[in-house]
Amino acid sequence: MLVLISIIVIAIVAALVYNNNKKKIAETIEKIETTIAPAVKEVKEVVAKAEAEIAKTKKPAAKKTTKK
């Protein structure tokens with residue numbers, strides 16, 4: 001009987017630790033997302049501006065004429 005109670009107590013403690021770890025992991029992921037999201041947005045904006053500048057400065061390729 002004591003073994004059964006011990007197993008039940010260990011299972012409950014393990015479940016609580018697992019649940020607590022899940023919450024901590026979720027909180028950590030949320031913190032990372034809130035930290036990284038603005039930086040990613042800023043990088044995307046810079047890339048878009050750079051691409052727009054490149055598109056403006058690109059000249060159409062000169063046509064080569066070959067006469068035989």
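Look up a bit, the structure's there.
Right, let's walk through the structure included here. Note that the coordinates shown come from a computational prediction; the quantities given were computed from them, not determined experimentally.

**Digging into the overall build of the protein chain**
Counting secondary structure elements, the protein chain contains 1 helix and 0 strands. Carbon together with sulfur atoms contributes 67% to the accessible area of the protein chain, which is approximately 7000 Å² in total.

**Here we look at the pattern of salt bridges**
Under the defined criterion, the tally for this structure stands at 1 salt bridge. A salt bridge links K56 to E53; its shortest N-O distance comes to 3.8 Å. Taken together, the positions of K56 and E53, both in helix 1 (residues 2–57) and 3 residues apart, correspond to about one turn of that helix.

**Thoughts on helix 1**
Look at helix 1: 81 Å from first C-alpha to last across 56 residues, which is about the 82 Å you get at 1.5 Å a residue. Where helix 1 bends most, at I36, the angle is about 30 degrees, and the proline P38 comes one to four residues later.

The rules behind the values
Residues numbered from 1 in each chain as written. Predicted model: local features only at pLDDT ≥ 70, side-chain atom pairs only at ≥ 80, totals over all residues. Heavy atoms only, no water. Helix = DSSP H or I, 4+ residues; strand = E, 2+ residues; numbered from the N terminus. Areas by Shrake-Rupley, 256 points an atom, 1.4 Å probe, with all protein chains shown as cover. Salt bridge = Lys/Arg side-chain N within 4 Å of Asp/Glu carboxyl O. Expected span 1.5 Å × (residues − 1). Bend = angle between axes of the 7 residues up to and from the residue.

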